[in-house]
Amino acid sequence: MLIGQDFDKIEWDVLGLHLLEPNAFFGDMLIAIVGFYFAYKTASLKKNTPFFSFWKLAFISFGFTFITGGFGHLFFHYWGVPGKYLGWYVGIFTPYFIEQATLSLIQHTKQKKFLILLSKIKFIIAVIGTSLMILFMDLESDPTRGMSIVTPHIIIGLVFCLGYLGYIYSKRIHRSFTYMWISVITILPSAIFQSQKINFFQWFDRNDVSHLLIIIGMFFYFACIKAYSKVVID
């Protein structure tokens, strides 16, 4: 175990290519597969309300976010920091779709419109902020700074919509929303692993722990969606 610093990044030479962080790539691909699978399963529920439609988009966004992120890791020696740009931008969509899904269930019309508007404004700020960061910040020395806009955008959206609203909905709408706030509790430890740089092994580092927790969280998401679909009438 290594705490407070990272293991050397794994180099991988295959088919004449000098690749980087294959463990991160495989973890990202696994999340992408799970995301697309749950998008398919959500679509198969055949519910046409905004809640289910936005969740389907959220799972699709999960898939594309981690596909682009995975290749950004793998081909870093060839693409450099610009190879990560697309993943950062696509990643902005996922919490936005989740926010729109959960906010669609608010019953108070004025409150609902206000919070949906705030979600849209937050989304625009994240896009503009990420663009300004790419244009004016030195990301070559520390590419992880590229997530400095996306990460708060994700945390704020998920903690409020899945944590707070998930708890409220579990009391007022259906007990299945308990899975939503449990998913937040499940994923939050990844922040500790990331901030404290807690790495178990070189092939299973802090990023891999985060990947595992995200996948578990996604199972909780779909558990809520599937259970709730049984009591919803289109």
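Residues numbered from 1 in each chain as written. Predicted model: local features only at pLDDT ≥ 70, side-chain atom pairs only at ≥ 80, totals over all residues. Heavy atoms only, no water.

## Observations concerning the overall build of the protein chain
On a plain count of helices and strands, the protein chain comes out with nine helices and four strands. Sequence-ordered secondary structure for the protein chain, helices as α and strands as β, is β-β-β-α-α-α-α-α-α-α-α-β-α. Projected onto the principal axes, the alpha-carbon positions of the protein chain cover approximately 55 × 35 × 35 Å. Per-residue burial for the protein chain yields a buried fraction of 47% across its 234 residues. Put simply, 72% of the contacts in the protein chain that link residues at least 6 apart link residues at least 24 apart. When the accessible area of the protein chain is evaluated, it comes to approximately 12,400 Å², of which 69% is carbon and sulfur surface. (Helix = DSSP H or I, 4+ residues; strand = E, 2+ residues; numbered from the N terminus. Buried < 20%, exposed > 50% of the residue type's maximum accessible area, 1.4 Å probe, protein only. Contact = heavy atoms within 4.5 Å. Areas by Shrake-Rupley, 256 points an atom, 1.4 Å probe, with all protein chains shown as cover.)

## Here's the deal with unusual backbone geometry
At Leu 15, a position not held by glycine, the phi torsion is positive, near 55 degrees. Assignment of secondary structure puts Leu 15 in the loop between β2 (11-14) and β3 (17-20).

## Quick notes on the pattern of salt bridges
Here the idea is simple: oppositely charged side chains can pair when their charged atoms come close. For the structure shown, the criterion picks out two salt bridges. Between Lys 9 and Glu 21 there is a salt bridge, and its shortest N-O distance comes to 3.4 Å. Placement of the pair is Lys 9 in the loop between β1 (2-3) and β2 and Glu 21 in the loop between β3 and α1 (22-44), with a sequence separation of twelve residues. (Salt bridge = Lys/Arg side-chain N within 4 Å of Asp/Glu carboxyl O.)

## A look at the packing of aromatic side chains
Going through the model one piece at a time under the given rule, you end up with 30 aromatic pairs. Consider the rings of Phe 38 and Phe 222, whose centres lie 5.0 Å apart with planes at 20 degrees: the pair is stacked. Of this pair, Phe 38 sits in helix α1 while Phe 222 sits in helix α9 (residues 206-229), and the two are 184 residues apart along the sequence. Assessed through its relative accessible area of 3%, Phe 38 is described here as buried. Put simply, the rings of Tyr 37, Phe 38, Trp 55, Phe 59, Phe 62, Phe 66, Phe 219, Tyr 221 and Phe 222 touch in pairs and so form one group of aromatic residues. (Phe/Tyr/Trp six-rings, centres within 6.5 Å; stacked < 30°, edge-to-face > 60°.)

## Focus on the state of the cysteines
On inspection of all chains with the given rule, the structure shows zero disulfides. With no disulfide of its own, Cys 161 lies 13 Å from the sulfur of Cys 224, the closest cysteine sulfur. (Disulfide = S-S within 2.5 Å.)

## Digging into a nonpolar patch on the surface
On the surface, a nonpolar cluster with roughly 470 Å² of combined accessible area is contributed by Phe 114, Leu 117, Leu 118, Ile 121 and Ile 125. By the element assignment, Ile 125 lies in helix α5 (residues 109-136). Note on Ile 125: relative accessible area 54%, which makes it exposed. (Patch = residues over 30% accessible without salt bridge, like charges linked within 9 Å, V, L, I, M, F, W, Y side chains within 5 Å.)

## A short note on the confidence of the model for the protein chain
Per-residue pLDDT for the protein chain averages 90, and the proportion of residues at 70 or more is 97%. Of all helices and strands in the protein chain, the one with the weakest mean pLDDT is β1 (70), whereas helix α2 (residues 50-74) scores best (95). (pLDDT = per-residue confidence, 0-100.)

## Structural notes on the nonpolar core
Counting residues in hydrophobic clusters, the biggest one holds 49 residues, and the most contacted among them are Phe 51, Trp 55, Phe 59, Met 180, Met 218 and Tyr 221. Those elements giving two or more residues to this core turn out to be α1, α2, α4 (82-103), α5, α6 (150-172), α7 (178-187) and α9. It is α9 that provides the largest number of residues to this core, a total of eight residues. If we skip the residues at most four places from it in the chain, Met 180 touches Phe 51, Trp 55, Leu 162, Gly 166, Tyr 221, Cys 224 and Ile 225. Leu 19, Met 29, Leu 74 and Phe 75 belong to the second-largest nonpolar core, a separate cluster that totals five residues. (Core = buried A, V, L, I, M, F, W, Y, C linked by side-chain atoms within 4.5 Å.)

## Description of the pairing of β3
Pairing of β2 with β3, which is carried by four bridges, proceeds in the antiparallel orientation. Across the sheet, Glu 11 pairs through a bridge with Leu 20, a residue of β3. Hairpin connection, β2 to β3: the antiparallel pair is bridged by two residues, and Leu 15 has positive phi, about 55 degrees. (Pairing = 2+ DSSP bridges.)

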